[in-house]
Amino acid sequence: MTTTPPPSPTPPAAPDASDNLDATPPGATTGDSEPEVTPLTPPDPVEAEPEVSPLTPPDPVEEEPEPFSDGPPPLPAPMLLLDGQLGDHPDPPAPSEEEVDHGTCSCGGAYDADGWCTECGARKPDPRHHVTDQPSPLLAGVCDRGIRHSDNEDAMALWADEESPGRFALVVCDGVTTATRSAEASLAAAEAAVGVLARSTSTSTEPRTDTDTDADAPSALVIAATAAAAAAVDQVGRDFPDAAPSCTYVAALVEDGRATVGSVGDSRAYWFPDDGEPLRLTSDDSMAEEQYRAGLDRATAEAGPLAHTITRWLGDDSPDQSPEVTDQDVSAPGWLLLCSDGLWNYASEPHDLRAVVRQEELRVGRDPLDLAQALVAWANGNGGADNITAALLRTGAGQDGTHG
């Protein structure tokens, strides 16, 4: 069914402004009319405090935790920014251990850190068992254990003056086998002595003479060097109170074509000119020497049971440590040889030992190191019954170091 809307009511006429003078104020009553109520605009809502009932317990208050109650905070990773951008810094790789070369055995295998060959199991030899030194083309030496001894108690010290060609010092010491710590004693004595002999022996260009008595004269230096060597042996005895170290001693200071030699014990010095008579420059402090002086022939005395019983030595219990000093012209071409009894045992007489030197010189040449090596090998070839030391100076050579 279709319906039609009711007619729109006629709007009231707008009131005249003059009518407002008699208008009733809002809220006033006129006659029987009900008062007009003007609605109030509600205030903005405000979040009200929750109403707390006295019967409802309050919510528990969360307490502030103690600082670091769960342990210290993690530390930041250390960073080092030298150049570039800041980013991730991983831990650096651990440094790789470098492989150490401990030497090679005669079989070709490598020695391990404990000194054993990784191939054949042989023990690495002590460096003291074979020592070489060549401070000058004219001067060299070899110190060897020999064949029958397990240790090397010989020692040597050599020096060549680089500022004054023609000045040399040679020292050979032989530790007494029956005394403990003699290997340390011989090395200490040799090094102490050469340190004294290396002092300047001249303040002028004039050669020294036998009448020189000042402290820098060659003879005085040899005596002072012997005293220093004896003091070094005594120090070894203090370092090892239960030991009684001792050694023999021979030293030579060569200057201006002359050799000043001092010795205590039975280590020797020889002079072998290319042309001329070979000489032994020292006299042994031994029972064999005493027997020879008493009339026994040298070969028999040196082959007897008391041959290497020494009567003087460097050591706290020695009756006399002053050296026997001698002087020899060595300006001619030839060899000055200092050696321990491990060498001269097999050729004691000067003529015999010079023959050996010439034999090896023809074979290996005049380089002093090659010749010293050859003499040691010769002694080992004859039995190597003792430690062997040979120190050689080629004399009569030009100051440019060429061999004479």
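For every chain, the first residue of the written sequence is number 1, and numbering continues from 1 onward in sequence order. Totals for whole chains, interfaces and linings use all residues, but because this is a predicted model, local features are given only for residues with pLDDT of at least 70 and pairs of side-chain atoms are given and counted only at 80 or more. Hydrogens are left out, water is left out, and the side-chain values use all remaining heavy atoms of the structure.

Engineer: I'm lost on the packing of helix α1 (residues 182-197) against helix α2 (residues 218-239) in this one. Help?
Structural biologist: In helix packing, the relevant descriptors are the interaxial angle and the interaxial distance, both defined with respect to the helix axes. A fitted line through C-alpha atoms represents every axis, and for helices the fit uses only the stretch in contact; the resulting angles, taken between N-to-C directions, go from 0 to 180 degrees. Secondary structure elements are defined from DSSP: runs of H or I of at least 4 residues count as helices, runs of E of at least 2 residues count as strands, and each element is numbered from the N terminus. Packing of α1 against α2 brings their axes to within 7 Å, and their N-to-C directions diverge by 150°. By crossing handedness, the relation of α1 to α2 is classed as right-handed. Residues E184, A185, A188, A189, A192, A193, V196 and L197 of α1 form the contact with α2, whose own contacting residues are L221, V222, A224, A225, A228, A229, A232, V233 and V236. Nonpolar residues are Ala, Val, Leu, Ile, Met, Phe, Trp, Tyr, Cys and Pro. Charged residues are Asp, Glu, Lys and Arg, and all others, Gly as well, are polar. Grouping the constituent residues of the contact of α1 with α2 by class yields 16 nonpolar, no polar and one charged. Crossing handedness follows the turn of the near helix against the far one: under a right angle anticlockwise gives a left-handed crossing, and clockwise gives a right-handed one. For this analysis, residues touch if any pair of their heavy atoms sits within 4.5 Å.

Engineer: Quick question: what am I supposed to make of the confidence of the model for the protein chain here?
Structural biologist: As a note on interpretation, predicted positions should not be read in detail where pLDDT is low. Looking at the protein chain as a whole, the pLDDT averages 82, with 71% of positions reaching at least 70. pLDDT measures the predictor's confidence residue by residue and takes values from 0 up to 100. Counting interchain partners and residues more than four positions distant, the pLDDT-below-50 stretch residues 1-33 has four contacts. Of the regions scoring below 50 in pLDDT, residues 80-84 engages in two contacts with residues more than four places distant in sequence or in other chains.

Engineer: What exactly am I supposed to notice about unusual backbone geometry here?
Structural biologist: Excluding glycine, residues mostly carry a negative phi; peptide bonds, for their part, are mostly trans. Positive phi, normally seen in glycine, also occurs at R181, with a value near 60°. Secondary-structure assignment places R181 in the loop between β4 (168-175) and α1. The phi dihedral of D256 falls on the positive side, at around 55°, and the residue is not glycine. Structurally, the position occupied by D256 is in the loop between β5 (247-255) and β6 (258-264).

Engineer: Hey, could you run me through the packing of aromatic side chains in this one?
Structural biologist: Working definition: an aromatic ring pair is given by the centre-to-centre distance plus the angle between the planes. A pair of aromatic rings is counted whenever rings of Phe, Tyr or Trp (Trp by its six-membered ring) have centres within 6.5 Å, and the orientation is called stacked for planes under 30 degrees apart, edge-to-face for over 60 and tilted otherwise. In this structure the tally under the stated criterion is two aromatic pairs. Summarising the aromatic geometry, the rings of Y346 and W378 are spaced 6.2 Å apart at their centres and angled 90° between planes, so their arrangement reads as edge-to-face. Here Y346, found in the loop between α5 (341-344) and α6 (350-364), pairs with W378, found in helix α7 (residues 368-381); they are 32 residues apart in sequence, far enough to count as distant. Burial here depends on accessible area, computed with a 1.4 Å probe over protein chains only, as a share of the maximum for the residue type. Under 20% is buried, over 50% is exposed, and the range in between is partly exposed. A residue is classified by how much of its surface remains accessible, and Y346, at 26% relative accessible area, is partly exposed. Only when the NZ of Lys or the CZ of Arg is both within 6 Å of the ring centre and within 35 degrees of the ring normal is a charge said to sit over the ring. R394 extends its terminal NZ or CZ atom over the ring of W335, reaching a point 5.1 Å from the ring centre.

Engineer: Just checking my understanding: could you explain the sheet that holds strand β9 (residues 324-329) for this structure?
Structural biologist: Strand pairs in the sheet, formed through backbone hydrogen bonds, run parallel or antiparallel to each other. Only strands that DSSP links by at least two bridges are regarded as paired with each other. Read across the open sheet, the five strands follow the order β3-β4-β5-β6-β9; overall the sheet is antiparallel. Since the sheet does not close on itself, it has two edges, and those belong to β3 (154-160) and β9, each with one partner. Each strand of the sheet is rotated relative to its neighbour by a mean of 10°, with strand direction disregarded. As defined by bridge partners, β6 adjoins β9 across six bridges and the pair is classed as antiparallel. Directly across from T260, in β9, lies its bridge partner D327.

Engineer: Whenever I open this one, the sheet that holds strand β2 (residues 139-144) confuses me. Can you help?
Structural biologist: Here six strands make up an open sheet; going across it, the order is β1-β2-β11-β10-β7-β8 and the pairing antiparallel. Of all strands in the sheet, those bounded by a partner on one side alone are β1 (130-136) and β8 (279-280). One ladder, built from six bridges, connects β2 with strand β11 (residues 388-395); its direction is antiparallel. Within β11, the position partnered with V142 by the bridge is A390. Where α6 meets the sheet, it contacts β7 (268-273), β8, β10 (334-339) and β11, and its direction lies at approximately 65° from that of β7. Of the strands in this sheet, β1, β2, β10 and β11 touch α7, which is tilted by about 25° from β2.

Engineer: Before we go on, may I ask you to explain the nonpolar core in this structure?
Structural biologist: Across soluble globular proteins, you tend to see nonpolar side chains buried next to one another. Judged by nonpolar contacts, the single largest core of 25 residues is most densely connected at V171, C173, A189, L197, Y249 and L314. Among the secondary structure elements, those contributing two or more residues to this core are β3, β4, α1, α2 and β5. In terms of residue count, the dominant contributor to this core is α1 (seven residues). If you look at the next biggest cluster of nonpolar residues, it comprises 23 residues, including F272, A347, L369 and L371. In these notes, a set of buried Ala, Val, Leu, Ile, Met, Phe, Trp, Tyr and Cys residues joined through side-chain atoms within 4.5 Å is what counts as a nonpolar core.

Engineer: How should I be thinking about α7 in this particular structure?
Structural biologist: The periodicity of an α-helix, 3.6 residues per turn, causes residues three or four positions apart to be oriented the same way. The end-to-end C-alpha separation of α7 is 20 Å, in line with the 20 Å expected for 14 residues at 1.5 Å each. For α7, the buried fraction is high: 10 of the 14 residues fall into the buried class. Those residues of α7 that fall on the buried side of the exposure criterion are P368, L369, L371, A372, A374, L375, V376, W378, A379 and N380. As for α7, its buried residues are in contact with β1, β2, β10, α5, α6 and β11. Whenever a nitrogen or oxygen atom comes within 3.5 Å of another N or O atom, the pair is scored as a polar contact, on the condition that within protein one atom can donate a hydrogen and the other can accept it, and that pairs from neighbouring residues in sequence are kept only if both atoms are in side chains. Capping the start of α7, D367 holds a side-chain oxygen 3.1 Å from the backbone nitrogen of L369, two or three residues further along. Positive backbone phi, at 130°, marks G383, one or two positions downstream of α7. Residue count minus one, scaled by 1.5 Å, sets the expected span of a helix.

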